[in-house]
Amino acid sequence: MTPPSTGLISSPVTEPTITKAKSGGCGCSSDRSATVEMDEKLQKRIANHPCYSEEAHHHYARLHVAVAPACNIQCNYCNRKYDCANESRPGVVSELLTPEEAAHKALVIAGKIPQLTVLGIAGPGDPLANPDKTFRTFELIAEKAPDIKLCLSTNGLMLPEYIDRIKQLNIDHVTITINMVDPEIGAKIYPWVHYKRKRYRGIEGVKILHEKQMEGLQALQEADILCKVNSVMIPGINDEHLIEVNKVIREKGAFLHNIMPLISAPEHGTHFGLTGQRGPTPKELKALQDNCAGNMKMMRHCRQCRADAVGLLGEDRSQEFTKDKFLAMTPEYNLQQRQEVHAGIEKFKEELKAAKEKTQPTNVEMSPVTSLQQNPKILVAVATKGGGLVNQHFGHAKEFQIYEVDGHEAHFIGHRKIDHYCQGGYGENATLEHIIQAIADCKAVLVSKIGECPKEKLHKAGIQTVETYDVIEKVALEFYEQFIQE
Ligand code: CLF
Ligand code: SF4
């Protein structure tokens, strides 16, 4: 299998080396998310959008341009010194751009990172509270780079107002952040809403926000624009209520639901950070996502990225393209070259699919041991640079992708952010302890390479190591077979 020439993947597939840890209990108990049958047309609309398609996020990149500074509501998890926390990691500040600077940046990056397929506007405030800047940016991109998909993320307050403009500009993907469908609950999240030159406090403002969000959702459905809903999970406030939110948004035609954890730290200076409101644990988040998965398709690969994010979802290349740097670069946007790269990625995806199918136990004789057990589920952690492959050194990973494996299927359920183990070539003991804690519920870590010292410590913690360079699902299923037999 030859990976596409995107600079992402570059070594041969090798035989895996599985190194064992002492056995331990399995921390996983959730059901698989519902699979939604999609027609071909819909598949095509999401096939290269890294947020709307989990598969695409291994191969395609997105760019956010920070052109929208103002906001028209206040969320208790947001400090307005920083980027919009509805679509960004809290505590991050992006460099503000004019629409012209944003278009220049997009053309530079579309040339340098040809796997870039989507341009999103997600802040640093609310894009629709800055309609002139937002729509001017989209116009410039549509004119100069017609193959780039346009994406917008909003709190929804002004969505009904701009639906025609959105449709006219061919913006096919819109996200609304909906944290409640009950204004009583909303009053604990939003202290005020500024609508049509007037500030409304408490429940009065929340009712307006709720009404506009529902109208916006309906309008998107009628206009046949794909809608993703983001919800911030706030334990004790809207965690149980999000099940109701999930039902309502599904009925109103949302395509995808992305439940994100509240990130709240006192140093971010948000109301929730300062009052000690905690965020959910990974286990609580997964349980809620699993609970909602029977109703509709859930997004589990969100990275809560910055308003100026660049690259694949799991990587952050924004520092390579700061304003002083990208303004000095000449755009090298080349439609034909980009189409060739995308065709290469699609071919590679087909090869990956074929490789995965070959490993499916339906085509392979299942061992008697495996068929006797009722497919217990286990978790494995994967180090990957993208491309759907186990292809990253343990020491270089900034996050692990988590796969749930049951003997029939290995499927992505989330990611865990970690500190780099190798910093300046040295492994840090404290960092390793943190990594072990982060993946303590996993039975194995799948990596392209790992040093003897971390390997030994992982084994002591009950986590096996598999060293290989191959398709993630294939390696995970092979490991499962061996694990169960033992
Ligand atoms: Fe950006 Fe959002 Fe469009 Fe994606 S992000 S505007 S839909 S292109 Fe994606 Fe980032 Fe999560 Fe957003 S991973 S924060 S869901
Ligand atoms: Fe902050 Fe975004 Fe909420 Fe506005 S909508 S207050 S920018 S999190």
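Residues numbered from 1 in each chain as written. Chains lettered and ligands numbered in written order. Predicted model: local features only at pLDDT ≥ 70, side-chain atom pairs only at ≥ 80, totals over all residues. Heavy atoms only, no water.

K.L.:
Would you mind going over the sheet that holds strand 3 (residues 73-74) with me for this structure?
P.N.:
Pairing between the strands of a sheet is mediated by backbone hydrogen bonds and can be parallel or antiparallel. Reading across the sheet, the 3 strands line up as 3-7-8 and stay open at both edges, with antiparallel pairing between neighbours. Each end of this open sheet is capped by a strand with a single partner; those strands are strand 3 and strand 8 (198-201). Of the pairings in the sheet, the one linking strand 7 (residues 192-195) to strand 8 comprises 4 bridges and is antiparallel in character. Across the sheet, residue valine 193 finds its bridge partner in strand 8, namely tyrosine 200. Strand contacts of helix 6 (residues 202-222): strand 3, strand 7 and strand 8, with the helix running at about 110° to strand 8, the strand carrying the most contacts. (Pairing = 2+ DSSP bridges. Helix = DSSP H or I, 4+ residues; strand = E, 2+ residues; numbered from the N terminus. Contact = heavy atoms within 4.5 Å. Axes fitted to C-alpha atoms, helices over the stretch in contact; angles between N-to-C directions.)

K.L.:
What am I meant to see in the site of ligand 2 here?
P.N.:
With respect to spatial proximity, 13 residues lie near ligand 2, and among them Cys71, Cys75, Cys78, Cys84 and Asn86 are the closest. For the shell around ligand 2, a count of residues per class yields 8 nonpolar, 4 polar and 1 charged. (Near = heavy atom within 4 Å. Nonpolar A, V, L, I, M, F, W, Y, C, P; charged D, E, K, R; others polar.)

K.L.:
Explain the sheet that holds strand 5 (residues 149-154) to me, please; I cannot follow it from the model alone.
P.N.:
Sheet architecture is open: 7 strands sit in the order 10-9-6-5-4-2-11, paired in mixed fashion. On the outer flanks of this sheet lie strand 10 (256-261) and strand 11 (310-311), each paired with one strand and no other. In this sheet, strand 4 (residues 116-121) lies alongside strand 2 (residues 61-64) in parallel orientation, the contact comprising 4 bridges. Each bridged residue has a counterpart across the sheet, and for arginine 62 the counterpart in strand 4 is valine 118. Relative to strand 4, helix 2 (residues 99-112) is tilted by about 155°, and along the sheet it contacts strand 2, strand 4 and strand 11. Against the sheet, helix 7 (residues 242-251) touches strand 9 (226-233) and strand 10, its axis set at about 175° to strand 9.

K.L.:
I tried to follow the pattern of salt bridges on my own but got confused; where do I start?
P.N.:
Should their charged atoms come close, side chains of opposite charge can pair. Taken as a whole, this structure holds 27 salt bridges when the rule is applied. With a closest N to O distance of 4.0 Å, glutamate 100 and arginine 136 form a salt bridge. Taken together, the residues span a long stretch of sequence, with glutamate 100 in helix 2 and arginine 136 in helix 3 (residues 131-144) at a distance of 36 residues. For arginine 136, a relative accessible area of 34% gives the class partly exposed. (Salt bridge = Lys/Arg side-chain N within 4 Å of Asp/Glu carboxyl O. Buried < 20%, exposed > 50% of the residue type's maximum accessible area, 1.4 Å probe, protein only.)

K.L.:
What's the story with the environment of aspartate 224 in this structure? I'm lost.
P.N.:
On the secondary structure map, aspartate 224 appears in the loop between helix 6 and strand 9. Residue classification places aspartate 224 among the partly exposed residues on the basis of a relative accessible area of 42%. Residues aspartate 224 and histidine 173 lie 51 residues apart in sequence; the distance between their C-alpha atoms is 9.9 Å.

K.L.:
Would you mind showing me how to read the packing of aromatic side chains here?
P.N.:
One pair of aromatic rings is described through two measures. These are the centre distance and the angle between the planes. Scanning the model with the defined rule gives 5 aromatic pairs in all. Considering the side-chain rings of phenylalanine 135 and tyrosine 162, the 5.6 Å spacing of their centres and the 50° angle between planes classify their relative orientation as tilted. Placement of phenylalanine 135 in helix 3 and of tyrosine 162 in helix 4 (residues 159-168) is noted, with a sequence separation of 27 residues between them. The ring of tryptophan 192 carries the charged tip of arginine 199 above its face, separated from the ring centre by 3.9 Å. (Phe/Tyr/Trp six-rings, centres within 6.5 Å; stacked < 30°, edge-to-face > 60°. Lys NZ or Arg CZ within 6 Å of the ring centre and 35° of its normal.)

K.L.:
What is the right way to read the environment of proline 191 from this model?
P.N.:
Along the polypeptide, proline 191 turns up in the loop between helix 5 (183-186) and strand 7. Ignoring sequence-local partners within four residues, the contact set of proline 191 consists of Gln74, Asn76, Tyr200, Arg201 and Gly202.

K.L.:
What should I look at first to understand the packing of helix 4 against helix 6 in this one?
P.N.:
The packing of two helices is summarised by the inter-axis angle and the distance between the axes. Running from amino to carboxyl end, helix 4 crosses helix 6 at an angle of 20°, the nearest separation of the two axes being 8 Å. When the interaxial angle is binned, helix 4 and helix 6 end up roughly parallel. Helix 4 and helix 6 meet at a crossing whose hand is right-handed. On helix 6, the residues touching Leu159, Pro160 and Ile163 of helix 4 are Lys212, Glu215, Gly216, Ala219 and Leu220. Along the lines of polarity and charge, the residues of the contact of helix 4 with helix 6 split into 5 nonpolar, 1 polar and 2 charged. (Parallel < 35°, antiparallel > 145°, perpendicular 65-115°, else oblique. Left-handed = near helix turned anticlockwise from the far one by under 90°.)

K.L.:
For this particular structure, what's the right way to read the pairing of strand 2?
P.N.:
Each regular strand displays side chains that alternate between the two surfaces of the sheet. Here strand 2 shows a buried face lined by Ala61 and Leu63 and a second buried face lined by Arg62 and His64. With 2 bridges joining them, strand 2 and strand 11 adopt antiparallel strand pairing. From the neighbouring strand, leucine 63 faces strand 11, where its bridge partner is valine 310.

K.L.:
Would you take a moment to explain helix 11 (residues 335-359) for this structure?
P.N.:
Owing to its 3.6 residues per turn, the α-helix brings residues three or four apart onto one side. Helix length check: helix 11 (25 residues) gives 36 Å between terminal C-alpha atoms against 36 Å at 1.5 Å per residue, within 8%. Residues of helix 11 that are buried: Arg338, Val341, His342, Ile345, Phe348, Lys349, Leu352, Ala355 and Thr359. Packing partners of the buried residues in helix 11 comprise helix 2, strand 4, strand 13 (389-390), strand 19 (464-471) and helix 15 (472-485). Where helix 11 begins, the capping side chain belongs to asparagine 334, and its oxygen is found 3.1 Å from the backbone nitrogen of glutamine 336. (Expected span 1.5 Å × (residues − 1). Polar contact = N/O pair within 3.5 Å; in protein donor to acceptor, adjacent residues only side chain to side chain.)

K.L.:
Is there a simple way to explain helix 15 in this structure?
P.N.:
With 14 residues, helix 15 ought to run about 20 Å at 1.5 Å a step, and its terminal C-alpha atoms sit 20 Å apart, in line with that. Looking only at helix 15, the buried set comprises Ile472, Glu473, Val475, Ala476, Leu477, Phe479, Tyr480, Phe483 and Ile484.

K.L.:
How should I be thinking about the environment of lysine 417 in this particular structure?
P.N.:
With respect to the helices and strands, the residue lysine 417 is situated in strand 15 (residues 410-417). Owing to a relative accessible area of 38%, lysine 417 belongs among the partly exposed residues under this scheme. Linking lysine 417 and glutamine 401, residues 16 residues apart in sequence, is a C-alpha distance of 8.8 Å. Side chain to side chain, lysine 417 and glutamate 399 meet in a polar contact 3.4 Å long.

K.L.:
Please clarify how the pairing of strand 15 should be interpreted in this entry.
P.N.:
Here strand 15 lies mainly inside the structure; 6 of its 8 residues are buried. Bridge count for strand 14 (residues 399-405) against strand 15 is 7 bridges, and the pairing is antiparallel. Residue pairing across strands places glutamate 404 opposite histidine 411, the latter belonging to strand 15. Turn length for the strand 14-strand 15 hairpin, with the two strands adjacent in sequence and antiparallel, is 4 residues, and the turn residue glycine 407 shows positive phi of about 95°.

K.L.:
I'm lost on the confidence of the model for the chain in this one. Help?
P.N.:
Atom-level detail of predicted coordinates should not be read off regions where pLDDT is low. Counting all residues, the mean pLDDT for the chain is 86, and 86% of those residues have values of 70 or more. Model confidence for the chain, summarised as mean pLDDT per element, is weakest for helix 12 (residues 368-372) at 48 and strongest for helix 5 at 98. Segment residues 5-15: pLDDT under 50, and 25 contacts once partners within four positions in sequence are set aside and those in other chains are kept. Within the model, the stretch residues 21-36 combines pLDDT values under 50 with 32 contacts to residues more than four positions away or in other chains. (pLDDT = per-residue confidence, 0-100.)

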